[in-house]
Amino acid sequence: MIFITAKFRVRPEHADRWPDITADFTEATRREPGCLWFDWSRSVTDPTEYVLVEAFRDDEAGAAHVQSAHFRAAQQTLPPHLIETPRIVNANVPQDDWSLLGEMAVPEQG
């Protein structure tokens, strides 16, 4: 799968509304057949920073995502709300879901 994490620094006046600003893009991406997940989180130390964690089935699904109409629309509509260009980590990993964090295993609840 393609695993991507991106940090978005949002202008303070738009930070509280970022989930609404990105809602159409988020929902359209989640409906893509090759999207495994597409989840936003807000930093607990910087209210202007959002982190996007996303994964796509394979290179083909990733290419379909960046060629989609909703991605092209987001390229136009999202940057005016940002302080700077988002930063990204993009990697191909040999799995198709989250792995368990064995070092913090939780005993089964009875």
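These numbers were taken from a predicted model, which means no experiment stands behind them.

**Things to note about the overall build of the protein chain**
Right, so step 1: Looking only at helices and strands, the protein chain has 5 helices and 4 strands in total.
Right, so step 2: When the helices and strands of the protein chain are listed from N to C terminus, the series reads β-α-α-α-β-β-α-α-β.
Right, so step 3: Taken over the C-alpha atoms alone, the protein chain extends approximately 45 × 35 × 25 Å along its principal axes.
Right, so step 4: Taking all 110 residues of the protein chain together, 35% fall into the buried category.
Right, so step 5: A total of about 7400 Å² of accessible surface is found on the protein chain, and carbon and sulfur atoms cover 55% of it.
Right, so step 6: A gap of 8 Å separates the mean positions of the 10 positive and 18 negative side-chain charges of the protein chain.

**So, the nonpolar core**
If you look at soluble globular proteins, the nonpolar side chains tend to sit buried side by side.
Right, so step 1: Core analysis: the largest hydrophobic core is formed by 18 residues, its most contacted members being Phe8, Val10, Trp18 and Leu78.
Right, so step 2: Within the residue set of this core, elements represented by two or more residues are strand 1 (2-9), helix 2 (18-21), strand 2 (35-42) and strand 3 (49-56).
Right, so step 3: Ranked by residues supplied to this core, first place goes to strand 1 with 4 residues.
Right, so step 4: Core analysis: the second largest hydrophobic core is formed by 5 residues, Trp37, Val51, Val53 and Ala55 among them.

**Quick notes on the side chain of His65**
Right, so step 1: Inspection of the secondary structure puts His65 in helix 4 (residues 59-66).
Right, so step 2: Residue classification places His65 among the buried residues on the basis of a relative accessible area of 4%.
Right, so step 3: Among residues more than four places away in sequence, those in contact with His65 are Phe25, Thr29, Glu32, Phe38, Glu54, Phe56, His70 and Phe71.

**Quick word on the pattern of salt bridges**
Opposite charge on two side chains makes pairing possible when the charged atoms of those side chains draw close.
Right, so step 1: Counted under the stated rule, the structure contains 8 salt bridges.
Right, so step 2: One salt bridge in this structure joins Arg57 and Asp58, with 3.3 Å as the shortest N-O distance.
Right, so step 3: Residue class for Asp58 comes out partly exposed when judged on its relative accessible area of 28%.
Right, so step 4: One salt-bridge network, held together by shared partners, links Arg9, Asp46, Glu49, Glu84 and Arg87.

**Examining the environment of Pro86**
Right, so step 1: Mapped onto the elements of the fold, Pro86 is located in the loop between helix 5 (69-77) and strand 4 (87-92).
Right, so step 2: The exposure class assigned to Pro86 is partly exposed, which follows from its relative accessible area of 29%.
Right, so step 3: When the C-alpha atoms of Pro86 and Arg72 are compared, they prove to be 16 Å apart, with 14 residues separating the residues in sequence.
Right, so step 4: Once residues within four sequence positions are removed from consideration, Pro86 is found in contact with Lys7 and Phe8.

**Quick look at the pairing of strand 3**
Note on strand geometry: in a regular strand, side chains alternate between the two faces of the sheet.
Right, so step 1: Within strand 3, 8 of the 8 residues are buried, which leaves it mostly tucked inside the rest of the structure.
Right, so step 2: Of the two faces of strand 3, the one carrying Glu49, Val51, Val53 and Ala55 and the one carrying Tyr50, Leu52, Glu54 and Phe56 are both buried.
Right, so step 3: Pairing of strand 1 with strand 3 involves 8 bridges; the strand directions are antiparallel. By the bridge assignment, Phe3 is partnered in strand 3 with Ala55.
Right, so step 4: Relative to strand 3, strand 2 runs antiparallel, the two sharing 7 bridges. The residue bridging Trp37 from the neighbouring strand is Ala55, located in strand 3.
Right, so step 5: In this antiparallel pair of consecutive strands, strand 2 and strand 3, the connection spans 6 residues.

Rules used throughout
- Residues numbered from 1 in each chain as written.
- Predicted model: local features only at pLDDT ≥ 70, side-chain atom pairs only at ≥ 80, totals over all residues.
- Heavy atoms only, no water.
- Helix = DSSP H or I, 4+ residues; strand = E, 2+ residues; numbered from the N terminus.
- Buried < 20%, exposed > 50% of the residue type's maximum accessible area, 1.4 Å probe, protein only.
- Areas by Shrake-Rupley, 256 points an atom, 1.4 Å probe, with all protein chains shown as cover.
- Lys, Arg positive; Asp, Glu negative; His and termini not counted.
- Charge placed at Lys NZ, Arg CZ, Asp CG, Glu CD.
- Core = buried A, V, L, I, M, F, W, Y, C linked by side-chain atoms within 4.5 Å.
- Contact = heavy atoms within 4.5 Å.
- Salt bridge = Lys/Arg side-chain N within 4 Å of Asp/Glu carboxyl O.
- Pairing = 2+ DSSP bridges.

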